[in-house]
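Structure assessment
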Amino acid sequence: VCSLLGVAPPPKPADIIRYTLCQPLDFAPGERYAYSNVTYLCLGRLIEKFSERPYETAVQQSVLRPLGIRRMQVGFAEEDRRLDGEVRY
């Protein structure tokens with residue numbers, strides 16, 4: 001993705017969205033089903049825009065803390081950025 005878009009790795013969410021939206025569909029809508037989480041990536045950007053806070057902060061303050069959840073945070077796919085005990089993706 002990075003080389004195709006001419007951006008440095010790792011790609012930012014906006015880069016992934018831009019790349020994904022430029023790809024042709026694998027099949028006609030309604031013909032088959034395939035999971036994609038790109039809509040969740042778009043939702044995260046909307047949350048940031050309308051809350052005027054980073055995604056992680058917005059979710060922690062507006063969703064998790066009111067439920068008493070204090071230790072959850074955004075994970076990382078890159079091994080050198082993973083925290084102790086964080087699962088591999």
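Figured I'd write up the structure that's included with this text. None of the values given here were measured: they were computed from a predicted structure. Every chain begins its residue count from 1, and numbering advances along the sequence as written. In keeping with the model being predicted, local features are shown solely for residues with a pLDDT of at least 70 and side-chain atom pairs are shown and tallied solely at 80 or more, while totals for entire chains, interfaces and linings include all residues. Side-chain numbers here rest on the full set of heavy atoms in the structure, without hydrogens or water.

Of regular secondary structure, the protein chain possesses four helices and zero strands. In this text, helices come from DSSP runs of H or I with a minimum length of four residues, and strands from runs of E with a minimum of two, each type numbered from the N-terminal end. Listing the helices and strands of the protein chain from first to last along the sequence gives α-α-α-α. Relative to a compact globule of 89 residues, whose C-alpha radius of gyration would be 12 Å, the protein chain shows 16 Å and is clearly more extended. Seen through its C-alpha atoms, the protein chain measures out along the principal axes to roughly 45 × 30 × 25 Å. Looking at the 89 residues of the protein chain, the share that counts as buried comes to 12%. Roughly 7,600 Å² of accessible area belongs to the protein chain as shown, and the carbon and sulfur atoms make up 57% of that amount. Both charge centroids of the protein chain, one from 12 positive and one from 11 negative side chains, sit 5 Å from each other. Our radius of gyration looks at C-alpha atoms and nothing else; its globule reference is 2.2 Å times the residue count to the power 0.38. For each residue, the accessible area found with a 1.4 Å probe, counting protein chains only, is set against the maximum for its type, and the residue is called buried under 20%, exposed over 50%, and partly exposed in between. In this description, accessible areas are obtained by the Shrake-Rupley approach with a 1.4 Å probe, and a residue is regarded as covered only by the protein chains that are shown. For the purpose of counting charges, residues Lys and Arg are taken to be positive, whereas Asp and Glu are taken to be negative. His and the chain ends are not included. To locate a charge, take atom NZ for lysine, CZ for arginine, CG for aspartate or CD for glutamate.

The next point concerns the environment of R18. By the secondary structure assignment, R18 is in helix α2 (residues 13-21). Sequence-wise, R18 and G44 are 26 residues apart; in three dimensions their C-alpha atoms are separated by 15 Å. Pairs of residues are marked as contacts when any of their non-hydrogen atoms sit within 4.5 Å. Residues in contact with R18, not counting those within four places in the same chain, are L5 and V7.

The grouping of Y33, Y35, Y40, L43, L46 and F50 at the surface amounts to a nonpolar patch, some 820 Å² of accessible area in total. Within the fold, Y40 resides in helix α3 (residues 38-51). To count toward a patch, a residue needs a relative accessible area over 30% and no salt bridge; like charges are then connected within 9 Å, while nonpolar side chains (Val, Leu, Ile, Met, Phe, Trp, Tyr) are connected within 5 Å. Just to be clear on terms, a salt bridge is a Lys or Arg side-chain nitrogen sitting within 4 Å of an Asp or Glu carboxyl oxygen.

Take the pattern of salt bridges next. Under the counting rule described, the total for this entry stands at three salt bridges. One salt bridge connects R18 with D15, and the closest N-O pair in it is separated by 3.6 Å. Separated by three residues within a single helix, R18 and D15 lie in helix α2, roughly one turn from each other. You can call R18 partly exposed: its relative accessible area is 41%. The buried category is assigned to D15, whose relative accessible area is 12%. A salt bridge links R82 to E79, with the nearest nitrogen and oxygen atoms 3.9 Å apart.

The complete set of buried residues in helix α4 (residues 55-64) reads A58, Q60 and L64. Along its buried surface, α4 packs onto α3.

A few words on unusual backbone geometry. Each neighbour pair has its own omega, and for P9 with P10 the value is -5°, a cis peptide bond. Positive phi, close to 55°, is recorded for E52, a residue that is not glycine. Of note, E52 is situated in the loop between α3 and α4.

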